[in-house]
Structure formats: structure tokens, C-alpha cells
Amino acid sequence: MRRYVSYALIAIALLTILVWAVSQFVQPILPASLSGGLVLFFAALLGVIGALAQFKDIVEFFRSFSEQPNHSKTLTSLSNTITGPVQAVYGNMTTHVTLNVTYIVENTSTEFAPRVVINPTARIDKVPVPREAPVVPSYLVGRITEITVLKRILLQTPQAVGLVSLVGMGGIGKTTLAAAVANDPEIEQTFSDGTLWAAFYEIPDFQKILARWIFKLNPSARVSESSEMLLLLEIFGLLTKGRRLLIVLDGADQGYVPNIQSIVKAIGQAIDPECRVLITSRTAYLPGVQTVLSLDLLPEHEAISLLETSASRKFTSEEKLLAREIVFLSGYFPLALAIAGGLLKTSDLGLTELRDRLRAQFNTDKPIELNEVRERSILKTLTYSYNHLSAQEQFAFRTLSVVPKGDTFDAKIASTLWRVSVTEAEDLLSQLARHGLLRSTNGSYRMHDLLHDYAQGLLRKSGQSEQDEVRKAYSDYMASQ
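Small disclaimer: the values here were computed from a predicted structure and weren't measured. (Residues numbered from 1 in each chain as written. Predicted model: local features only at pLDDT ≥ 70, side-chain atom pairs only at ≥ 80, totals over all residues. Heavy atoms only, no water.)

(A) Just the packing of helix α5 (residues 144-154) against helix α6 (residues 174-182), in detail. Interaxial distance between α5 and α6 falls to 10 Å at its minimum, and their mutual angle equals 55°. By the angle between their axes, α5 is oblique relative to α6. Remark: the crossing between α5 and α6 carries right-handed chirality. The residues of α6 that touch α5, namely those facing E146, I147, L150, K151 and L154, are L177, A180 and V181. Considering only residue class, the contact of α5 with α6 consists of six nonpolar, no polar and two charged. (Axes fitted to C-alpha atoms, helices over the stretch in contact; angles between N-to-C directions. Helix = DSSP H or I, 4+ residues; strand = E, 2+ residues; numbered from the N terminus. Parallel < 35°, antiparallel > 145°, perpendicular 65-115°, else oblique. Left-handed = near helix turned anticlockwise from the far one by under 90°. Contact = heavy atoms within 4.5 Å. Nonpolar A, V, L, I, M, F, W, Y, C, P; charged D, E, K, R; others polar.)

Rendered as C-alpha cells:
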């Protein structure tokens, strides 16, 4: 406002002087009484007042000509950090970044607006690292050589190996060994971006598995289980690029997924060379697999150790002589030994009686061949273990076979099937696990495939009414969820 008033006063003063000059030298336009010094004095007064009002601006104007600014002295570099979180979006992928930005400002005041941004750097925070490998069962004994060899294979350079297959017959311990390797600290350190695990006996739909893996690697990904397989594979390949991941395909058998060979080949082509794929299978050779490790039966000393661990006791020297025959009659199968050890732990059965009962399952009129033992050991051990259960435990075991093979279940499902309280169901499940007939993980239970087949056969023999009752109970439970 001050500036505008001063401009007006100066303008009036100049106009008044112009009119006075015209009246004096060109043509009289003012009355004679105003043609003297009074008008000139009035104009000068207005001009002085206007000039005084502009004094500050005039001083600053002339000072700008007399002083040359030294920007090297007046500009100060200050460093500030934006701690965020700041979201950076790349297509469908969102991540959080921390920016380190340096500003150049004109003074050291903390109140400034950035003029020039220099040296921007960004640190991308890693997404949570998935670790999907199951917990290693407590009954894992031995297999030190196999674990060491498998680790050495997985830790080789990318050019040497990508897909590794761990093969062996059912009940040999492939899943347990794969879990032990996946949870190994050295493996976790090497594959620092995570472990992805797919159990085909639980989820035989590979599209669902791929969609779940994509969400694990990028929670903001816009895909679904119904997305095209080629699209899912392409996105999965992009998400694995530059990452070191261990991918486990557990139970990659034709019986679970008919096109398992195509799946193995596709996943091998999609992943980054820094990743590894570990496949457990009963199939000896799968396309694209560079290395095959065959899992054999347990050696005798490890089989005896597993029997001791499952029975929760140490054998004396005399008892170990009996144990040697028991592990032979069990075919050196980890599953059969776990069941036999559970039988020793949950009953008052002695090693001698257990040995005699196992002998009775075979035709002892002729020598027993190891191949025969291998073929029949789990079935024979299961039969004896089942016969040793109470009537309630037998009913519980065989009726659990209505749960689809590979699915996990808990006390709520069991209580519906058995028409008992959840507490009673939990007690029964724990007892079956102690017998070695179920695997327990964090309150959930699962039945091995071989045991599931055996239980299904028992249910079929139990009668149609029992089958119809438990199947309806399971169907009603699933419909209520």
C-alpha cells in the first residue's frame, strides 16, 4: 500500500509541474493567482513526500549495483534424510524406499525450500523372506551322509545344477530329509531370499501353488488361482529374477498330478539360475533334472537308533541283539520303525515279544528274503500295531481315512467324525501320534499316504453303515465351513 501511495504522489507532482511549465512558457491555462511559486512549491512537496515513501526501495536498488554477490559464500549445502516410508510403485509391484537427498539452500536457516536436488539414492527394503519348509520331525535319526551330499549338490554353482531329484519308495523318508536340508542354517544363509514348499499330496493343483508363491514373493500382485498358467509362470519367473530361492516340490508323483513332468520342466525354465529346485518323487527320472540322489533304506545302526528314538529309550547290549532282528523284520523302513517304536512306547510290550509277533507275520518255514521283508514290512508292522490299539483307537484311525489323502486335520474335524468332544478328540489324536500312526505339526495332523491307504482298506471292511456315517459327518462339517 505504501508503495502505491508514493507512486501516486510522485505522479501528481510531475503532472503539476508539467501544467505549471505549460502555463508559464506556452499558453496560460492557470489563473493568474496560481501561476506563481505556490503551484511549484505544492508540486515539489508532493514529490518529496513520494520520494521519502520510496526511500527504502531506492536504497536497495542502488545497492544491487554496488555489490556483487558471492554465491560460493552464501550457498550452504545441508543434508536431510526422508525416512518415509515412501512408496515406490513399479507396475503391479509396490515397495518401500528410504531416500537420502542433499539440498542446496541460500542460508543456514532450517526453514527453507529445496532449490536443487543432488545425489539422490534409494535403498529398497526387502520384502519378508518366506520360509515354508515344514518343521523337521523329532524322530529324524542318521542320514548324515545323505544330508551332506544333498547340501553339497544344492550349493554348487548355478551353471552346474538347477533341478535336483531325491527319489525313493514310499515311507523311505524323502519328505523328512528334504525338510532337514531346507531348514539347515547353511542352506538358509545361501538361499537368503527364502524357501518355497509345495506338497502335491496336499494341493495337487499347480495353479493354486503358483498363485500362492507369487503372493508370498509379492503380496500386491494382481493374480488369482484362476489366472492362466502361462501368465502365472511368467510372473513367477520375473519375481525370482535375481533372487536366491530354494524351491521344493514334495511328492512330485504322477499319482498326484498327472502332468507332473510338464510342471517340473516348466518350473525349471521359469526360475532364475540363482535358484534351486529340489524334487522328492517316487519317479526315478523327470525331464530337466540334472542330478538324481537315490534314498536307500537305513543302515542297521541308524535303524536301531531310530527305533530307540521312537521308543524313547536306550537299549542295552542284549536288547540291541533283539533290535537288530526287529529292524530287519521292519525292512529298515523309517515309517515302519517309527510305528514299531511307538508300539514299544505306548504299551508294556517287550522287545522279545515284539520280535516274535513280527516273525509270526511271515512264513517262517523257509528263510526270509530281505526283498520280501521290504515289500511286506510296513503292512505287517501296521497290522500288528493296529491290532494292539483299543477299539476306540481303531475306530478313530480307520475313520480318519475319509479325510482326503494328504489333507491336514485337527481336533474339530476329528470330534465331528467321532461324535466326541474336542478335548476327547485331541487326546485320541495325540495317542495315535504317539503310536506313530499320525504326524503332528502345530496342532494339525496328517496321515502318511501308505497309512491312509491301509486305513481306507480297514474302513471298507468295517461295513457300509460306518462308512456312510463318517462320510456324511465329514461332508456336513466341510459344508458348514
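(B) Highlighting unusual backbone geometry. At S312, a residue that is not glycine, the phi angle is positive and equals roughly 60°. Within the secondary structure layout, S312 lies in the loop between α11 (300-311) and α12 (317-329). At Y332, a position not held by glycine, the phi torsion is positive, near 60°. Within the element layout of this structure, Y332 appears in the loop between α12 and α13 (334-346).

(C) Representation of α12 in the model. The terminal C-alpha atoms of α12, which comprises 13 residues, lie 19 Å apart, in line with the 18 Å expected from a rise of 1.5 Å per residue. When α12 is considered as a whole, its buried residues turn out to be E319, L322, A323, I326, V327 and L329. A positive phi of about 70° marks G331, the residue just after α12. (Expected span 1.5 Å × (residues − 1). Buried < 20%, exposed > 50% of the residue type's maximum accessible area, 1.4 Å probe, protein only.)

(D) Inspection of the pattern of salt bridges at higher detail. Counted according to the given criterion, the structure contains 15 salt bridges. The partner of R143 in a salt bridge is E146, and the shortest N-O contact between them spans 3.3 Å. Accessibility expressed as a relative area gives 3% for R143, which makes it buried. One salt bridge in this structure joins D476 and K472, with 2.9 Å as the shortest N-O distance. Within this pair, D476 and its partner K472 are both found in helix α20 (residues 464-480), separated by four residues, close to a single helical turn. Under the relative-accessibility criterion, K472 is labelled exposed at 54%. The structure contains a network of salt bridges with shared partners spanning E325, R355, D356 and R359. (Salt bridge = Lys/Arg side-chain N within 4 Å of Asp/Glu carboxyl O.)

(E) Structural view of the nonpolar core. Of all hydrophobic cores here, the largest spans 84 residues; its most connected members are F200, W213, F236 and L249. When neighbours within four sequence positions are excluded, F236 is seen to be in contact with L196, L210, W213, I214, L217, I247, I267 and I271. Formed by 33 residues, the second largest nonpolar core is a distinct cluster that contains L389, A396, L432 and A455. (Core = buried A, V, L, I, M, F, W, Y, C linked by side-chain atoms within 4.5 Å.)

(F) Layout of the packing of aromatic side chains. Throughout the structure, instances matching the rule amount to seven aromatic pairs. An angle of 75° between the planes, with centres 6.4 Å apart, marks the rings of F328 and Y332 as edge-to-face. Overall, the relative accessible area of 12% leaves Y332 in the buried class. Judged by centre distance (6.5 Å) and plane angle (45°), the rings of F397 and Y454 are tilted. Separated by 57 residues along the polypeptide, F397 in helix α16 (residues 391-399) and Y454 in helix α19 (residues 449-462) bring together distant segments of the chain. Each member of the pair F397 and Y454 is classed as buried. Ring pairing ties together the aromatic residues F200, F206, W213 and F236, which thus form one cluster. Looking at R244, its charged tip hangs above the ring of F191, at a distance of 5.6 Å from the centre. (Phe/Tyr/Trp six-rings, centres within 6.5 Å; stacked < 30°, edge-to-face > 60°. Lys NZ or Arg CZ within 6 Å of the ring centre and 35° of its normal.)

(G) Highlighting the confidence of the model for the chain. Predicted confidence across the chain gives a mean pLDDT of 76, with 72% of residues reaching 70 or more. When mean pLDDT is taken per element in the chain, strand β6 (residues 246-250) scores highest with 93 and strand β3 (residues 116-124) scores lowest with 35. A low-confidence stretch, residues 64-125 (pLDDT under 50), is modelled with 83 contacts involving residues beyond four sequence positions or located in other chains. (pLDDT = per-residue confidence, 0-100.)

(H) Representation of the packing of helix α17 (residues 411-418) against helix α18 (residues 422-434) within the structure. With their axes 8 Å apart at the nearest point, α17 and α18 run at an angle of 105° to one another. The pairing of α17 with α18 is recorded here as roughly perpendicular in orientation. Here A411, A414, S415 and W418 of α17 come into contact with α18, specifically with V422, A425, E426, L428 and L429. When grouped by side-chain class, the residues that make up the contact of α17 with α18 number seven nonpolar, one polar and one charged.

(I) Fine view of the sheet that holds strand β5 (residues 195-199). One open sheet holds the five strands; their spatial order is β5-β6-β7-β4-β8, and the pairing between them is parallel. On the outer flanks of this sheet lie β5 and β8 (291-294), each paired with one strand and no other. Adjacent strand axes in the sheet meet at a mean angle of 15° when their direction is disregarded. Relative to strand β7 (residues 276-281), strand β4 (residues 163-167) runs parallel, the two being bridged by five bridges. The partner of L166 across the bridge, within β7, is T280. (Pairing = 2+ DSSP bridges.)

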